[in-house]
Amino acid sequence: MTSNNSTPLTFTYKTFETVPIRLDVYPPAVITTSEVPVVLWFHGGGFTFANRTNFFPKWLQKRINDAGFAFVSADYRLIPTGSITAHHILEDVKDAFAFLRSKTFEAALDSLDVEGKLPFPKFRIDPKRIAAAGSSAGGTCAYFAATHVEPKPAAILSVFGMGGDILNAQYLTPKTEPFLRGRPLLDPSRSKDYIYPLSPSVSSDILSDSPMAFHPPTATLPALPANPRMPLALLYLQLGTYLDYYTGEHAPSLSDTLRAALPSPNVQSNPGMKKIILRKHIPIQHHAIFPQLNVSSSWPPVFLLHGAEDTAVPVTESKNMYATLKWAGVETKIKIVDGEDHFFDQTPDAEEKYGQVFDEAAKFLIEKLSA
């Protein structure tokens, strides 16, 4: 049976303090079995903005659906709002998996089918064949799934993912010169409500959907962000305080603690030594949200894709994660794309230039989900 997978079906997989957190289900192009594998995707945006439709990997969704699998794109809570940190995002990742594996999701499909509102042939998700994938911050979500979701995902795809190496200057060094594609440094005063201590309006808010938005370009200016949350992750990196917002450790500042403890933010050592350094200086209650501390032989197979010239998430993140995975005996592959920066998969000519690379990444997931 064939289906139209260009328009997804949206479900609320959890509600937090009246805020719905949603995911979109894209059905297989052809449904041949009652239970199908699925790739669960988490979006990028530095954990501070975006939603399940932003930075969407059409290249991956099409390949996965054409293989007869479902593709799901999920939202999660965003920082800094309320008391939200990466710990809450970890909970959302686990709950998204639980929802797809639940009788609640099956019942929702059945109800829509009975009402004649299901726009594709009914199917079930095979609970043992779910892969986790994501780009940038979403790559961290995929790593969370590898560590904390049970049963384990069948495979992991990280596309220029964060979380592979915290010991680098991108997180810990205050910037005095442009560092992201040559863009001018941000003015912190323009985002003062979002700088610790947060303004009351920010500290009381909860968001899981903050989409990209731009002002119209003018004759002298390009299209500038209209969503005030869009520059936040870059601002925190510029200030060298990103990890404070990630963990909620502002006083004392975790970033200050790490800067004082380490001889250099770019300390060169093997993955095992980096783990020792981090475990010593990061409070134990936060170890769960640092993926490189949690790699073990129990992780599923992992595919890492990264641009060699990434100025937002340095390629050293994926290189260190690759070495860490190898150290632990995990099956892993890495593909580094020469000359490319962050989100290179979103450029208009990406399919033409890197279709074979995309084929390789998708094939990796398809093979593991088919096993």
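These remarks concern the structure in this document. Remember, predicted model here, so these are calculated numbers, not experimental data. (Residues numbered from 1 in each chain as written. Predicted model: local features only at pLDDT ≥ 70, side-chain atom pairs only at ≥ 80, totals over all residues. Heavy atoms only, no water.)

## Describing the packing of helix α10 (residues 271-281) against helix α11 (residues 316-328)
Then, number 1: At a minimum axis separation of 9 Å, α10 and α11 run at an interaxial angle of 100°. As far as their axial angle goes, α11 and α10 are roughly perpendicular. Here Pro271, Gly272, Lys274 and Lys275 of α10 lie close against α11, whose contacting residues are Asn320, Ala323, Thr324 and Trp327.
Then, number 2: Grouping the constituent residues of the contact of α10 with α11 by class yields three nonpolar, three polar and two charged. (Axes fitted to C-alpha atoms, helices over the stretch in contact; angles between N-to-C directions. Helix = DSSP H or I, 4+ residues; strand = E, 2+ residues; numbered from the N terminus. Parallel < 35°, antiparallel > 145°, perpendicular 65-115°, else oblique. Contact = heavy atoms within 4.5 Å. Nonpolar A, V, L, I, M, F, W, Y, C, P; charged D, E, K, R; others polar.)

## Concerning the packing of helix α2 (residues 86-100) against helix α4 (residues 137-148)
A pair of packed helices is captured by two measures, namely the crossing angle of their axes and the spacing between those axes.
Then, number 1: Where α2 contacts α4, the two axes come as close as 9 Å, and the packing angle between them is 70°. When the axes of α2 and α4 are compared, the pair comes out roughly perpendicular. Between α2 and α4 lies a crossing of right-handed hand. Across the interface between the two elements, Ala86, Ile89, Leu90, Val93, Lys94 and Phe97 of α2 pack against Cys141, Phe144, Ala145 and His148 of α4.
Then, number 2: Within the contact of α2 with α4, the residues separate by chemical class into eight nonpolar, one polar and one charged. (Left-handed = near helix turned anticlockwise from the far one by under 90°.)

## What to know about the pattern of salt bridges
For side chains bearing opposite charge, pairing can occur when the charged atoms are close.
Then, number 1: Tallied over the full model, the rule gives 25 salt bridges.
Then, number 2: Between Arg63 and Asp359 there is a salt bridge, with the nearest N and O atoms lying 2.7 Å from each other. A residue pair is termed long-range when its members are at least 10 positions apart, and Arg63 in helix α1 (residues 58-66) and Asp359 in helix α12 (residues 350-370) qualify at 296 residues.
Then, number 3: Assessed through its relative accessible area of 16%, Arg63 is described here as buried.
Then, number 4: Several salt bridges converge on common partners, so that one network encompasses Lys103, Glu106, Asp110, Asp113, Lys122 and Arg124. (Salt bridge = Lys/Arg side-chain N within 4 Å of Asp/Glu carboxyl O. Buried < 20%, exposed > 50% of the residue type's maximum accessible area, 1.4 Å probe, protein only.)

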